[in-house]
Amino acid sequence: MLFRSRPPAPAAAIEVPAPAPAAQAPSEPKPVVVQSRTFDYQIEEVPGWVVQRELDVSKKASKGLGAVRIRLADYQTRIFQDGPRRFFRYAEEALDPTGLQRVAQAQIQFNPDYQKLVLHRVTVWRDGKPLPRVKDARVDLLQREAELEKSLYQGHVTASIVLSDVRVGDIVDVEASILGENPIFAGMYGTEFPLGGQA
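Each chain has its residues counted from 1, following the order in which its sequence is written. Owing to the predicted nature of the model, reporting of local features is limited to residues with pLDDT of at least 70; listing and counting of side-chain atom pairs is limited to 80 or more, with chain, interface and lining totals taken over all residues. Only hydrogens and water are set aside when side-chain values are computed; all heavy atoms of the structure are taken into account.

Student: Help me out: how do you make sense of the pattern of salt bridges in this one?
Tutor: We count a salt bridge whenever a side-chain nitrogen from Lys or Arg sits within 4 Å of a carboxyl oxygen from Asp or Glu. Scanning the entire structure with this criterion turns up 10 salt bridges. Residues joined in a network through salt bridges with shared partners are Arg126, Arg133, Asp165, Arg167 and Asp170.

Student: Explain the nonpolar core to me, please; I cannot follow it from the model alone.
Tutor: Buried together is how nonpolar side chains tend to be arranged in soluble globular proteins. The criterion is simple. A nonpolar core is a set of buried Ala, Val, Leu, Ile, Met, Phe, Trp, Tyr and Cys residues joined through side-chain atoms within 4.5 Å. Think of it in three bands: residues with accessible area under 20% of the maximum for their type are buried, residues over 50% are exposed, and the middle band is partly exposed, with areas taken using a 1.4 Å probe on protein chains only. Counting 31 residues, the largest nonpolar core has Ile108, Leu117, Leu119 and Ile161 as the members making the most contacts within it. For isoleucine 161, the contacting residues outside a window of four places in its chain are Ala104, Gln105, Ala106, Ile108, Leu119, Ala137, Arg138, Val139 and Val174. Contact between two residues is taken to exist if any of their heavy atoms lie within 4.5 Å; hydrogens are not considered.

Student: Explain the pairing of strand β11 (residues 171-179) to me, please; I cannot follow it from the model alone.
Tutor: On a regular strand, each side chain points to the face opposite its neighbour's, so the side chains alternate between the two faces of the sheet. Here a helix means four or more residues in a row that DSSP labels H or I, a strand means two or more in a row labelled E, and each is numbered from the N terminus. Of all nine residues that make up β11, eight are buried, and the element is covered over most of its length. Strand direction decides the pairing type here: strand β5 (residues 83-94) and β11, joined by nine bridges, are antiparallel. For glutamate 92, the partnering residue across the bridge sits in β11 and is valine 172. As defined by bridge partners, strand β7 (residues 116-126) adjoins β11 across nine bridges and the pair is classed as antiparallel. Bridged to tryptophan 125 within β11 is isoleucine 171. Strands qualify as paired when DSSP identifies two bridges or more between them.

Student: Got a minute to help me understand the pairing of strand β4 (residues 68-80) in this structure?
Tutor: Of all 13 residues in β4, 11 are buried, a share of seventy percent or more. Adjacent in sequence and paired antiparallel, β4 and β5 are bridged by two residues.

Student: For this particular structure, what's the right way to read empty space enclosed by the protein?
Tutor: Taking a probe equal in size to a water molecule and rolling it over the atoms shows the remaining empty space. Lining residues are those with an atom within 4 Å of a point, where the points come from a 1 Å grid over the protein atoms alone and group into cavities, where a 1.4 Å probe fits but cannot get out, or pockets, open sets with protein on both sides within 12 Å along at least five of seven lines. Grid points are joined across faces, edges and corners, and a volume is the space filled by probe spheres set on the points. Under the counting rule described, the total for this entry stands at one cavity of 30 Å³ or more. Glu44, Pro47, Trp49, Arg85, Val118, His120, Ser177 and Leu179 together form the lining of the largest cavity. Elements with a minimum of two residues in the lining of the largest cavity: β7 and β11. Three categories are distinguished: nonpolar for Ala, Val, Leu, Ile, Met, Phe, Trp, Tyr, Cys and Pro, charged for Asp, Glu, Lys and Arg, and polar for the others, with Gly belonging to the last. The class makeup of the residues in the lining of the largest cavity is four nonpolar, two polar and two charged.

Student: Just to check I follow, could you spell out the environment of arginine 126 for this structure?
Tutor: Looking at the element boundaries, arginine 126 is found in strand β7. For arginine 126 and valine 57, which are 69 residues apart along the polypeptide, the C-alpha to C-alpha distance reads 8.8 Å. Beyond its immediate chain neighbours, meaning those up to four positions away, arginine 126 contacts Leu131, Arg133, Asp165, Val166, Arg167 and Asp170. We call two N or O atoms a polar contact when they sit within 3.5 Å, provided that within protein one can donate a hydrogen and the other can accept it, with sequence-adjacent residues counted only if both atoms are side-chain atoms. At 2.7 Å, the side chain of arginine 126 and the side chain of aspartate 170 are in polar contact.

Structure, rendered in structure tokens:
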């Protein structure tokens, strides 16, 4: 699974809360800052403005859907005085052994020059029971410039969240946020939202 600071199509669910101009950022518990290689990220609770979506883990996947099934894809954005905050939630189920590698490794792309990565929850659902993994997941922040051959440097890094002991039938549920926006926009904001996709 791959998250970007601007979500690509396709996806399966959308939530666009009403923007809150001049809103003050809500008071949240103090985040835990984690250093990984050259960059760092934070671990904190899901912010209060996020509309929580129910993930029905009781439904069994139909056969013939391929190696992976998307169980939930949710993107929410809210504007604060210090910039936009984008919340992502993505849950995938491994239907056979060939889908395990994809499900067990989530990737989140952002630019650390002006954005911060916040992990909220990383949960493995097994037999209907949640197994919290956010603190023991291996997170590597890798710098990959896809267009270096064109002499284009964007400064993006990819946070690779790798989980061990993921089994067929497990649902990997990742909740994270990207905070901040490119200062070149000088307080203006625009984004895009996926309107559908294959689930």
